[in-house]
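Descriptive structure summary
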Amino acid sequence: MDTHALTTPALLVESAALEANLAAMAAVLPGPRLRPHVKAHKCTSLAARQRAAGHPGFTCATIREAEGMAAAGLGGDLLLANEVLDTRRVGALIERGARVTVAVDSVQTVEAAAEGGVREVLIDVNVGLPRCGCQPDRAGALASLARQRGLTVRGVMGYEGHLMMLTPEDDRARRTEDAMKLLLAAHADVGGELISAGGTGTHAMNTWATEIQAGSYALMDTAYSAAGLPFQQALSVLGTVISASSGNSADSSTGGEPWVVANVGLKALGMDHGNPTIPDATVWYCSDEHVTFSPERPGSVRVGDRVRVIPAHVDPTVTMHEAMYLVDGDRVLERWPVDLRGW
């Protein structure tokens, strides 16, 4: 199949760029040093490629992701890196043979893990991002409570997500070290074999964690690309040009500049990191079903043309689509269901 046969908007993944990204990450973080985060792509076919690159364990953000990974035969060592107050579905997965470790950061989440059939936990520690995680000086007490409730404490986790795209790189490295000092102090009180942290933006500089939870590196987006990371843009959303204006000198809002509209809008893109990018064009804005942009060369884009729209944030973009198409240029190689959506 050719990409021109696809119904648009369609999620495309350039095969060569994907393989280059998988290889580049595996060279820096081989084997269990990387625990790929599937929330970035929500696709078991892509996760299988990550396992083939040498990474046996995976990070999940939702119970649905863990269930889908286990159903696909990828449940050998899953980390649910999120707090859960009803773990019965996780317990059922474990009973069926999956290994699922769950993050806990409070008495309530420890009790929920024990009551729902979870056997292994990580103590989630706040290392600077105001989201989940206990204070570092509370980690030891939570670990003791977890052990009293019959849980195995595998170690600690902490996410320096507030630093992932920080520039310049020297500041990112310095502040990552500060964050990891907090996590190491907590680990001294908790024990266990795992210090789980990091992401795509700190994957190479975070040398304190025993495993890194990177996910976006496989597909990439413009926000991460701006941070100067050594990964290629593999993901785009294919759109069709549905309208083209010649411009209107009487329209003060455009200065008479011509514009083009493609059918890739808010319902096909994650927009929390800003507008998408279109090669050789300036994006003006997105609306529900449309992206309005001006080509660098007026008249070069016509109604019916296909354009590739590059998202600013990969994770919420992927979850809006039922499938992604692995491509080599305009040739479609495979269709991969985005089968880990939902909760």
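Procedures and definitions
- Residues numbered from 1 in each chain as written.
- Predicted model: local features only at pLDDT ≥ 70, side-chain atom pairs only at ≥ 80, totals over all residues.
- Heavy atoms only, no water.
- Helix = DSSP H or I, 4+ residues; strand = E, 2+ residues; numbered from the N terminus.
- Rg over C-alpha atoms; globule rule 2.2 N^0.38 Å.
- Buried < 20%, exposed > 50% of the residue type's maximum accessible area, 1.4 Å probe, protein only.
- Areas by Shrake-Rupley, 256 points an atom, 1.4 Å probe, with all protein chains shown as cover.
- Lys, Arg positive; Asp, Glu negative; His and termini not counted.
- Charge placed at Lys NZ, Arg CZ, Asp CG, Glu CD.
- Salt bridge = Lys/Arg side-chain N within 4 Å of Asp/Glu carboxyl O.
- Core = buried A, V, L, I, M, F, W, Y, C linked by side-chain atoms within 4.5 Å.
- Contact = heavy atoms within 4.5 Å.
- Right-handed = clockwise from strand over helix to strand, strands pointing away.
- Pairing = 2+ DSSP bridges.
- 1 Å grid on protein atoms, 1.4 Å probe; cavity = no way out; pocket = protein on both sides within 12 Å on 5 of 7 lines; lining within 4 Å.
- Points joined across faces, edges and corners; volume = space filled by probe spheres on them.
- Nonpolar A, V, L, I, M, F, W, Y, C, P; charged D, E, K, R; others polar.
- Arc of directions from axis to C-beta.
- Polar contact = N/O pair within 3.5 Å; in protein donor to acceptor, adjacent residues only side chain to side chain.

Turning our attention to the overall build of the protein chain. For the protein chain, the count of helices and strands is 9 helices and 15 strands. Since a compact globule built from 343 residues should have a radius of gyration of about 20 Å, the 22 Å found for the protein chain is in line with a globular shape. Sorting the 343 residues of the protein chain into buried and exposed places 53% on the buried side. In the form shown here, the protein chain has an accessible surface area of approximately 14200 Å², with 50% of it arising from carbon and sulfur atoms. In the protein chain, which carries 29 positive and 39 negative side-chain charges, the distance between the mean positions of the two groups comes to 5 Å.

Another point: unusual backbone geometry. The omega torsion across T8 and P9 is 5°, close enough to zero to call that bond cis. Within the fold, P9 resides in the segment before β1 (10-14). The backbone of K42 shows a phi angle near 50°, a positive value even though the residue is not glycine. Among the secondary structure elements, K42 is positioned in the loop between α1 (15-28) and α2 (44-52). A residue is classified by how much of its surface remains accessible, and K42, at 10% relative accessible area, is buried. For D280, which is not a glycine, the phi torsion comes out positive at approximately 60°.

This brings us to the pattern of salt bridges. When charged atoms on two side chains of opposite charge get close, those side chains can pair. Scanning all chains against the criterion turns up 18 salt bridges. Of the charged contacts in the structure, one is a salt bridge between E19 and R49, with a shortest N-O distance of 2.5 Å. Here R49 lies in helix α2 and E19 lies in helix α1, a separation of 30 residues in the sequence. Classification of E19 as partly exposed rests on a relative accessible area of 34%. In this structure, K267 and E289 form a salt bridge, with 3.2 Å as the shortest nitrogen-oxygen distance. Within this pair, whereas K267 is found in the loop between β10 (260-262) and β11 (281-286), its partner E289 is found in the loop between β11 and β12 (291-295), the two being separated by 22 residues in sequence. With a relative accessible area of 51%, K267 lands in the exposed category. With relative accessibility at 39%, the residue E289 sits in the partly exposed group.

With 88 residues, the main nonpolar core has I123, L219 and M324 as its most contacted residues. In contact with M324, other than residues within four places in its own chain, are L11, V13, H41, C43, L46, L219, V318, E334, R335, W336 and V338. By size, the runner-up hydrophobic cluster in this structure holds 7 residues, among which are L12, L238, Y325 and V332.

Position of I242 among the secondary structure elements: in strand β9 (residues 235-244). Here the alpha-carbon distance between I242 and Q232, two residues 10 residues apart in the chain, equals 29 Å.

Time to look at the pairing of strand β6 (residues 152-158). Counted residue by residue, β6 has 6 buried out of 7 residues, so it is predominantly covered. Tracing the backbone out of strand β5 (residues 120-124), into helix α6 (residues 139-148) and back to the parallel element β6 gives a crossover that is right-handed. Bridging between β6 and strand β7 (residues 194-197) involves 4 bridges; their strand directions are parallel. Bridging across to β7, V156 finds its partner in I195. Between the parallel pair β6 and β7, the chain is carried across by helix α7 (residues 169-190), and the sense of this crossover is right-handed.

We now examine the layout of surface pockets. Computed from the structure, the largest pocket encloses a volume of approximately 590 Å³. Around the largest pocket sit 32 residues that line it, and H37, K39, L129, R131 and Y159 are the ones nearest its centre. Considering only residue class, the lining of the largest pocket consists of 12 nonpolar, 14 polar and 6 charged.

Attention shifts here to helix α5 (residues 107-116). Every buried residue belonging to α5 is among T109, V110, A112, A113 and G116, and all of these are buried. Angular distribution of buried residues about the axis of α5 spans 160°; they occupy a single face of the element. Away from the buried face of α5 by more than 90 degrees, exposed residues Q108 and E115 are located. Tucked into the core, α5 has its buried residues touching α4 (88-95), β4 (100-104), β5 and α6. In the segment just after α5, G117 is the residue with positive phi, at about 100°.

Our next topic: α2. For α2, the set of buried residues is T44, L46, A47 and Q50. On an axial view of α2, the arc spanned by its buried residues comes to 155°, and they lie on one face. Structurally, α2 contributes buried residues whose contacts are with α1, β2 (58-60), α3 (63-71), β14 (323-328) and β15 (331-337). Remark: G54 follows α2 within two positions and exhibits a positive phi of approximately 110°.

Tracing the backbone through its elements, the reader meets T62 in the loop between β2 and α3. T62 sits 23 residues away from K39 along the chain, and the two C-alpha atoms are 8.0 Å apart. Those residues in contact with T62 that sit more than four places away from it in its chain are K42, L80, G342 and W343. Of note is the side chain of T62, whose polar atom sits 3.0 Å from the backbone nitrogen of E65.

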